[in-house]
Amino acid sequence: MKKFLQNHVFSFLFLLLNLFSFPLFLLPFLYTKSSSMIIPISGYELLAFYEDTGSYLSYGSKSFLFLLISFIGLSLTSLLSLFASRNFKKTLLATDLIFSLISIISAICILIFFHQGLQNQIHLNFGSYFFLMYTQLLFIGKIVLFFLQKKKSSQREE
């Protein structure tokens, strides 16, 4: 068990971080004001704007859906990398980096589209900014992991 954890510590860490992100989608991404009351709109509630076709709110909710799907993909690749062979881990890490890029682009699109929704009395809340920083930190961590694995494999070959 100890050897398993040593060989898969990064996979296990990223799996925990990705699974930790699903409750974070409950953070308020937007808020609106109604008669001097601030009403927060959490991440999962953004899907209510999905069918509002042609508006920035619809595009923002679709970007949120891409963000959610990318985190599902990140969780699956992290889970698979726990049990994958050494050769397949490289493919999983590349897939993981692609899902990370999709999540960063989705988080940026959320900020852009919902910022355009200001005309509808909807404002960005801290959850939107948090997810942009969170996805970027995960991406940087995975790039560092990629280079560490590459360095480790080149040392083994020597």
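Heads up: the structure comes first, above all this text.
Just so it is clear, the structure is predicted and the values come from calculations on it, not from any experiment.

**Details of the environment of G127**
Link 1 in the chain: Positionally, G127 belongs in helix α5 (residues 126-157).
Link 2 in the chain: With a relative accessible area of 0%, G127 lands in the buried category.
Link 3 in the chain: Here the alpha-carbon distance between G127 and L26, two residues 101 residues apart in the chain, equals 8.5 Å.
Link 4 in the chain: G127 has contacts with L27, P28 and F29, leaving out every residue within four places of it along the chain.

**Thoughts on helix α2 (residues 9-24)**
Link 1 in the chain: Helix length check: α2, at 16 residues, gives a terminal C-alpha distance of 23 Å against a target of 22 Å (1.5 Å per residue), a fit within 8%.
Link 2 in the chain: Every buried residue of α2 is listed here: S11, F14, L15, N18, S21 and L24.

**A few points about the side chain of S21**
Link 1 in the chain: If you trace the backbone, S21 turns up in helix α2.
Link 2 in the chain: Leave out the neighbours within four places in its chain, and S21 touches F71, F131 and Y134.

**What to know about the nonpolar core**
Link 1 in the chain: Counting 26 residues, the largest nonpolar core has F25, F29, L30, L46, F71 and F131 as its most contacted members.
Link 2 in the chain: Of all the secondary-structure elements, those providing two or more residues to this core are α2, β1 (28-34), α3 (56-83), α4 (86-116), β3 (122-124) and α5.
Link 3 in the chain: Residue contributions to this core peak at six residues, all from α3.
Link 4 in the chain: When residues no more than four places from it in sequence are discounted, the contact partners of L30 are I39, P40, I41, L46, F49, F114, I122, H123, L124 and N125.

**Points about a nonpolar patch on the surface**
Link 1 in the chain: Together, V9, F10, L13, L137, I140, V144 and L148 line one region of the surface with nonpolar side chains, adding up to about 640 Å² of accessible area.
Link 2 in the chain: At the level of secondary structure, the elements contributing two or more residues to the nonpolar patch comprise α2 and α5.
Link 3 in the chain: Per element, the largest residue contribution to the nonpolar patch is four residues, and it comes from α5.
Link 4 in the chain: Along the polypeptide, I140 turns up in helix α5.

**As for unusual backbone geometry**
Link 1 in the chain: Of note, the phi angle at S35 is positive, near 45 degrees, even though the residue is not glycine.
Link 2 in the chain: The residue S35 is located in the loop between β1 and β2 (37-42) in this model.
Link 3 in the chain: Under the relative-accessibility criterion, S35 is labelled exposed at 64%.
Link 4 in the chain: With a phi close to 65 degrees, S36 is a non-glycine residue in the positive phi region.
Link 5 in the chain: Summarising the element assignment, S36 is placed in the loop between β1 and β2.
Link 6 in the chain: Residue S36 is classed as exposed on the basis of its relative accessible area of 79%.

**Remarks on the packing of aromatic side chains**
For any pair of aromatic rings, the description rests on two quantities: the centre-to-centre distance and the angle between the ring planes.
Link 1 in the chain: Scanning the model with the defined rule gives 15 aromatic pairs in all.
Link 2 in the chain: Taking the centre distance of 5.5 Å and the plane angle of 85 degrees together, the rings of F29 and F64 count as edge-to-face. Residue F29 is found in strand β1, and its partner F64 is found in helix α3; the two are separated by 35 residues along the sequence.
Link 3 in the chain: Judged by its relative accessible area of 0%, F29 falls in the buried class.

**As for the sheet that holds β1**
Link 1 in the chain: Sheet architecture is open: three strands sit in the order β2-β1-β3, paired in antiparallel fashion. Both edges of this open sheet fall to β2 and β3, since each of them pairs with a single strand only. Between one strand axis and the next, the sheet turns through 35 degrees on average, direction left out of account.
Link 2 in the chain: Across the sheet, α4 is in contact with β1 and β3; its angle to β3 comes to roughly 150 degrees.

Parameters and conventions
- Residues numbered from 1 in each chain as written.
- Predicted model: local features only at pLDDT ≥ 70, side-chain atom pairs only at ≥ 80, totals over all residues.
- Heavy atoms only, no water.
- Helix = DSSP H or I, 4+ residues; strand = E, 2+ residues; numbered from the N terminus.
- Buried < 20%, exposed > 50% of the residue type's maximum accessible area, 1.4 Å probe, protein only.
- Contact = heavy atoms within 4.5 Å.
- Expected span 1.5 Å × (residues − 1).
- Core = buried A, V, L, I, M, F, W, Y, C linked by side-chain atoms within 4.5 Å.
- Patch = residues over 30% accessible without salt bridge, like charges linked within 9 Å, V, L, I, M, F, W, Y side chains within 5 Å.
- Areas by Shrake-Rupley, 256 points an atom, 1.4 Å probe, with all protein chains shown as cover.
- Salt bridge = Lys/Arg side-chain N within 4 Å of Asp/Glu carboxyl O.
- Phe/Tyr/Trp six-rings, centres within 6.5 Å; stacked < 30°, edge-to-face > 60°.
- Pairing = 2+ DSSP bridges.
- Axes fitted to C-alpha atoms, helices over the stretch in contact; angles between N-to-C directions.

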